[in-house]
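Chain by chain, the residues run as shown.
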Amino acid sequence: MTEIVLGVGASHSTLMNTHWEETLHRDRAERFRDALRSARDELAAARPDTVILVGSNHFRGFWLDLIPSFTIGVGECVASGESGTPKGPQPVDVPLARHIAGSLVENGRFDPAFSARLQIDHGQSHAIQYLLDGLDVEIVPLVVNVFAPPLPTLARCEQLGRAIRDAVLAFPADRRVAVIGSGGLSHRLPWPDWRDPHGDDEEFMVGAWLDGRENWQEYDVRRREIIRAAEASLNPEFDEEFLSLVRRGETHRVTEYTTEELGKAAGNGAQEVRTWLVMSALLDHVPGRPLAYEPIPEWLTGMAVAVLDPAHPQHPQEGTS
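What you are looking at is a predicted structure, and each value in this text was computed from that prediction instead of being measured. (Residues numbered from 1 in each chain as written. Predicted model: local features only at pLDDT ≥ 70, side-chain atom pairs only at ≥ 80, totals over all residues. Heavy atoms only, no water.)

A.B. asks: Can you help me understand the pairing of strand E6 (residues 138-144) in this one?
C.D. replies: In the case of a regular strand, side chains alternate between the two sheet surfaces. Buried residues dominate E6, accounting for 6 of its 7 residues. Pairing analysis gives 7 bridges linking strand E2 (residues 50-56) to E6, with the strands arranged parallel. Paired with valine 54 across the two strands is leucine 142, which belongs to E6. Of the pairings in the sheet, the one linking strand E3 (residues 70-80) to E6 comprises 3 bridges and is antiparallel in character. (Buried < 20%, exposed > 50% of the residue type's maximum accessible area, 1.4 Å probe, protein only. Helix = DSSP H or I, 4+ residues; strand = E, 2+ residues; numbered from the N terminus. Pairing = 2+ DSSP bridges.)

A.B. asks: Explanation requested: unusual backbone geometry in the structure shown.
C.D. replies: Both trends apply: most residues other than glycine have a negative phi, and most peptide bonds are in trans. Backbone torsion omega between proline 149 and proline 150 reads 10°, so that peptide bond is classified as cis. The omega torsion across glycine 184 and leucine 185 is 5°, close enough to zero to call that bond cis. Here leucine 185 shows up in the loop between strand E7 (175-182) and helix H6 (199-211). Although it is not a glycine, serine 83 sits at a positive phi angle of roughly 55°. Along the chain, serine 83 turns up in the loop between E3 and strand E4 (87-89). Positive phi is not limited to glycine here, since histidine 285 has a value of about 55°. With respect to the secondary-structure elements, histidine 285 resides in the loop between helix H10 (273-282) and strand E8 (289-296). What makes histidine 285 buried here is its relative accessible area of 6%.

A.B. asks: Help me out: how do you make sense of the side chain of threonine 23 in this one?
C.D. replies: With respect to the helices and strands, threonine 23 occurs in the loop between helix H1 (15-18) and helix H2 (26-46). Separated by 3.0 Å, the side chains of threonine 23 and tryptophan 299 make a polar contact. With residues up to four places along the chain from it excluded, the contact list for threonine 23 reads Ala29, Ile296, Glu298 and Trp299. (Polar contact = N/O pair within 3.5 Å; in protein donor to acceptor, adjacent residues only side chain to side chain. Contact = heavy atoms within 4.5 Å.)

A.B. asks: Help me understand empty space enclosed by the protein, please; the structure alone is not making it clear to me.
C.D. replies: In this approach the atoms are scanned with a rolling probe the size of a water molecule, which exposes any empty space left behind. Per the stated rule, a full pass over the model turns up 5 cavities of 30 Å³ or more. In this structure, the largest cavity occupies an estimated 220 Å³ of space. If you go around the largest cavity, you meet 19 residues; those closest to its centre are Thr14, His58, His122, Leu189 and Ile227. With 3 residues, the single largest contributor to the lining of the largest cavity is helix H7 (residues 220-228). Of the residues that constitute the lining of the largest cavity, the class distribution is 6 nonpolar, 8 polar and 5 charged. (1 Å grid on protein atoms, 1.4 Å probe; cavity = no way out; pocket = protein on both sides within 12 Å on 5 of 7 lines; lining within 4 Å. Points joined across faces, edges and corners; volume = space filled by probe spheres on them. Nonpolar A, V, L, I, M, F, W, Y, C, P; charged D, E, K, R; others polar.)

A.B. asks: Explain the state of the cysteines here, please?
C.D. replies: Disulfide: a covalent bond connecting the sulfur atoms of a pair of cysteines. For the structure on display, the rule yields 0 disulfides. Looking at cysteine 77, it has no disulfide partner, and the nearest cysteine sulfur is the one in cysteine 157, 19 Å off. Residue class for cysteine 77 comes out buried when judged on its relative accessible area of 2%. According to the relative accessible area criterion, cysteine 157 is buried, its value standing at 0%. (Disulfide = S-S within 2.5 Å.)

A.B. asks: What is the right way to read the pattern of salt bridges from this model?
C.D. replies: Pairing of side chains with opposite charge becomes possible as their charged atoms draw close. For the structure shown, the criterion picks out 23 salt bridges. In this structure, arginine 289 engages glutamate 42 in a salt bridge whose closest nitrogen and oxygen atoms are separated by 2.8 Å. Residue arginine 289 is found in strand E8, and its partner glutamate 42 is found in helix H2; the two are separated by 247 residues along the sequence. On the basis of relative accessible area, arginine 289 is assigned to the partly exposed category, the value being 27%. Because the salt bridges share partners, they merge into one network encompassing Glu241, Arg248, Glu250, Arg253 and Glu256. (Salt bridge = Lys/Arg side-chain N within 4 Å of Asp/Glu carboxyl O.)

A.B. asks: Even after reading the chapter, I still don't get the packing of aromatic side chains, so can you show me in this structure?
C.D. replies: The way to describe two aromatic rings as a pair is by their centre distance and the angle between their planes. Applying the stated rule across the entire model yields 11 aromatic pairs. A ring pair is formed by phenylalanine 147 and tryptophan 191, whose centres lie 4.9 Å apart and whose planes are at 70°; its orientation type is edge-to-face. Remark: tryptophan 191 occurs in the loop between E7 and H6 and phenylalanine 147 occurs in the loop between E6 and helix H5 (154-169); sequence separation between them is 44 residues. Summarising the burial analysis for this pair, phenylalanine 147 and tryptophan 191 share the class buried. Feature note: the residues Phe59, Phe147, Trp191 and Trp209 constitute an aromatic cluster, connected by ring pairs. For the cation-ring pair, arginine 156 lies above phenylalanine 110, with the distance from its terminal atom to the ring centre recorded as 3.7 Å. (Phe/Tyr/Trp six-rings, centres within 6.5 Å; stacked < 30°, edge-to-face > 60°. Lys NZ or Arg CZ within 6 Å of the ring centre and 35° of its normal.)

A.B. asks: Is there a simple way to think about the packing of helix H3 (residues 94-106) against H5 in this case?
C.D. replies: Helix packing geometry: the angle between the two helix axes and the distance between the axes. At a closest axis distance of 9 Å, the pairing of H3 and H5 adopts a crossing angle of 115°. Between H3 and H5 the crossing geometry is right-handed. Every residue of H5 that contacts H3 at His99, Ile100, Ser103 and Leu104 is listed here: Leu160, Ala163, Ile164, Ala167 and Val168. Looking at side-chain class alone, the contact of H3 with H5 contains 7 nonpolar, 2 polar and no charged residues. (Axes fitted to C-alpha atoms, helices over the stretch in contact; angles between N-to-C directions. Left-handed = near helix turned anticlockwise from the far one by under 90°.)

A.B. asks: Looking at this model, I keep getting lost on the layout of surface pockets. Mind explaining?
C.D. replies: In this model, the largest pocket occupies a volume close to 390 Å³. Surrounding the largest pocket, 18 residues form its lining, Pro149, Trp191, Asp193, Asn268 and Gln271 being those nearest its centre. Examining the composition of the lining of the largest pocket, we find that 4 residues originate from one element, helix H9 (residues 259-266), more than from any other. Tallied by class, the residues present in the lining of the largest pocket amount to 9 nonpolar, 4 polar and 5 charged.

Here you go:
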């Protein structure tokens, strides 16, 4: 019997690795880091065999020459290792991954892309570094396009999570499965709409996204300079409301936003809440328990961690820690 035992939503930022000492709001950073450790401990206690790892694309494994909406890793998986995140091969639960991909197609609900040699970036590997450290688990990596429009709608992402849930529960073998949604919350990256760049920096970015498949490292110095020069644009009100939806088991209500509305409300980086949405749908939107929320402008991001435990669902009236 296969069961889904835990869900975790967690923000990521490579600036946590590369600029920890320059972080001014150190108390906030430490509370966020401590919450990651707590979530990691809850994952360990849940004893998963496999973690479905839902993350975003940052133009190190996917390029403008081919951008699927959803890609499942069904074979080899290699982390790019940028900015101090894990590098190299990652263990994949190939039987479960291929079962999910096949079931989605055969049931007529989705036609996801798949990769037998998937390269992931910190959209997944940040979670591997901080949430799976020391855990003996395999992963099923799922990459959601959140940065190269047109994006899959929020409603479509929610539907995907439900479809994957059905596929996982129908897997004809014993698995304890956890799910991680990695990304968000509010933030605005200095990344252009690739269809309409303005100025040298935006032209450079689009060129890197188009031509960087074989040599992305050569673009990284200037790319990091552009990111570091960006001003933070956070929306704590949006973040708190989103976490209240998680707490009440109503994460699906974020589908009321269009892609454009979400970007205006919380920044282009907030499109990553799709990963939380897929994760929550896989947990059947059980009420969750936020462990931390910290707006950290030095990391350009509203940083949050939450746990969804189907065995001990959060009471909707209980507050965050």
